[in-house]
Amino acid sequence: MNVKIREDEFLIPFFKENEFIRKQCKICGSYFWTQNPEAEICGDSPCQNYTFINNPPTKKHLSLREMRQLFLSFFEKNGHEVIKPYPIVARWREDVYFVGASIFNFQPYVTDGVIPPPANPLVVSQPCLRFNDLDNVGPTAGRHLVIFEMGGAHAFNYPNKKVYWKDETIRFHHEFLTKELGVNSSAVTYKEHFWVGGGNAGPDVEACVAGLEISTLVFMVYKIINENLIESPIKTVDTGYGIERWTWLSQGTVSGFHAIYDSILNKIFEYAGLKPDEKLLAESSKLSGEMNIESLKDKIEARKKVAEKTGLNWVELDKILTPIEAAYAIADHTKALAFIISEGVVPSNVEEGYLARLLVRRTYRMLKLLGIEDKFLDIIDLQISYWGNDFPNLKLMRNEILEILEAEKEKYEKTVEKGVETVKKLSANLKAKKIFEFPIEYLIELYDSHGLIPEIVKEIAEKEGLQVL
Ligand code: SER
């Protein structure tokens with residue numbers, strides 16, 4: 001939804017008192033607020049590269065657990081009630097399978113005024129799942145994840161009861177960042193934007209530090225009805241603090257996965273016999289702020305840029321980085337699987353079960369690339385132990401998680417065996433007819449009848465010399 005933000009939308013006392021000025025990014029054209037009169041770009045990726053790698057702008061180095069605690073206690077100290085996270089499987093919603101932001105917990109019933117919120121204002125660190133950036137999980141060094149925790153500080157303002165709004169929201173954010181974590185105030189930019197999600201919308205600012213967007217502070221004033229923005233009587237403060245990104249920023253590690261997964265990631269590297277060159281990863285990571293992989297072409301372009309910087313040729317570089325990025329994605333996907341299966345999702349061909357199956361298959365393919373498919377369940381078990389203290393349901397459901405994934409893995413192996421034969425036969429028939437493009441109808445048919453996902457078919461058919469779009 002392309003909505004123009006009014007010039008005075010963020011003319012708040014906090015910005016005025018602290019001499020923030022409104023500027024326009026010379027690259028993307030967005031308006032942003034900064035204390036630095038010289039600033040010319042908004043500070044967000046892809047306009048800026050990461051400058052925090054091996055150079056964290058915070059005075060504290062925090063683990064994910066410490067960052068979550070610091071975030072929750074800061075807001076508690078500031079009058080918010082800490083609530084427990086909701087499930088990730090969004091069974092109360094008709095429009096989504098998984099919670100993709102902390103505000104999803106309260107949509108639509110609280111945001112529509114059907115029921116009151118559990119506390120007001122409240123704060124939560126909510127595990128979330130997003131599938132829209134799958135191809136970027138790994139290549140962007142940790143900016144994109146399937147599973148992450150969103151720190152949500154929320155206030156629900158009713159016509160007869162106001163809690164707080166823009167000024168206080170941005171003040172809280174800035175205080176947490178600069179006073180609690182010691183980031184230099186002039187290094188923070190607030191980029192204007194318009195957020196839409198879960199049937200609501202409103203203007204927001206995206207807070208960026210050192211090239212990384214770390215939070216989104218949304219002021220939900222609209223409900224979306226038949227694609228129209230209708231002003232809602234309830235005005236909701238919807239903030240999302242990316243707890244993993246904040247953790248990464250505080251550590252300045254060569255990837256976000258290093259900051260989040262630490263010993264698990266090392267174990268995956270060890271299983272796969274990978275000994276990453278930290279210097280190379282740091283160079284590549286710094287540039288990945290500019291990266292957004294939407295196609296193979298983007299990936300090659302990105303590789304070429306890093307190659308130029310490091311003096312390697314891009315094909316060589318690709319050979320080094322691809323397995324490392326696969327290890328990153330494995331760390332992310334196996335955590336996501338442990339969480340959703342602990343909540344009762346069973347891999348299948350429909351709804352959330354389909355997404356679970358997709359994750360198993362993606363993970364399995366990457367494990368295969370690293371030659372460690374036999375370690376799938378060991379890695380899942382590591383995730384259960386690692387996160388189980390903070391999310392006890394994982395430990396309670398340990399046996400079920402492992403059993404379900406073992407069964408799914410076996411099914412997948414059988415499917416691939418059969419599928420390879422079928423795709424080979426189809427490819428031979430096509431080639432005999434001088435057709436060198438694999439028809440899309442076949443992809444659909446193979447999925448419906450054999451449960452073979454297009455990515456696998458593509459892999460096999462391409463080996464047979466066919467083009468798959
Ligand atoms: N809902 C907003 C987001 O997802 C802020 O939490 O970014």
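As the structure is a prediction and not an experimental result, all values here were calculated from the model.

To continue, consider the packing of helix H12 (residues 398-432) against helix H14 (residues 454-463). Interaxial distance between H12 and H14 falls to 9 Å at its minimum, and their mutual angle equals 45°. Taken together, H12 and H14 sit at an angle that is classed as oblique. Handedness of the H12/H14 crossing: right-handed. Contact residues: H12 offers Tyr412, Gly419, Val420, Val423, Lys424 and Ser427, while H14 offers Ile456, Val457, Ile460 and Ala461. Its residues assigned to classes, the contact of H12 with H14 shows seven nonpolar, two polar and one charged.

The residue after Gln107, namely Pro108, is reached through a cis peptide bond having omega -5°. You can see Pro108 is positioned in the loop between strand E3 (81-82) and strand E4 (122-129). With an omega dihedral of 0°, the bond running from Asn120 to Pro121 counts as a cis peptide bond. The backbone of Glu19 shows a phi angle near 55°, a positive value even though the residue is not glycine. Mapped onto the secondary structure, Glu19 falls in the loop between helix H1 (13-17) and strand E1 (21-24).

Moving on: the sheet that holds strand E2 (residues 31-34). With mixed pairing, the nine strands of this open sheet are ordered in space as E1-E2-E6-E7-E8-E9-E5-E4-E3. This sheet does not close on itself; its edge strands, each paired only once, are E1 and E3. Here E4 runs beside strand E5 (residues 147-157); their pairing, made up of eight bridges, is antiparallel. Bridge pairing links Leu129 to Ile147 in E5.

Rules behind the numbers
Residues numbered from 1 in each chain as written. Predicted model: local features only at pLDDT ≥ 70, side-chain atom pairs only at ≥ 80, totals over all residues. Heavy atoms only, no water. Axes fitted to C-alpha atoms, helices over the stretch in contact; angles between N-to-C directions. Helix = DSSP H or I, 4+ residues; strand = E, 2+ residues; numbered from the N terminus. Parallel < 35°, antiparallel > 145°, perpendicular 65-115°, else oblique. Left-handed = near helix turned anticlockwise from the far one by under 90°. Contact = heavy atoms within 4.5 Å. Nonpolar A, V, L, I, M, F, W, Y, C, P; charged D, E, K, R; others polar. Pairing = 2+ DSSP bridges.

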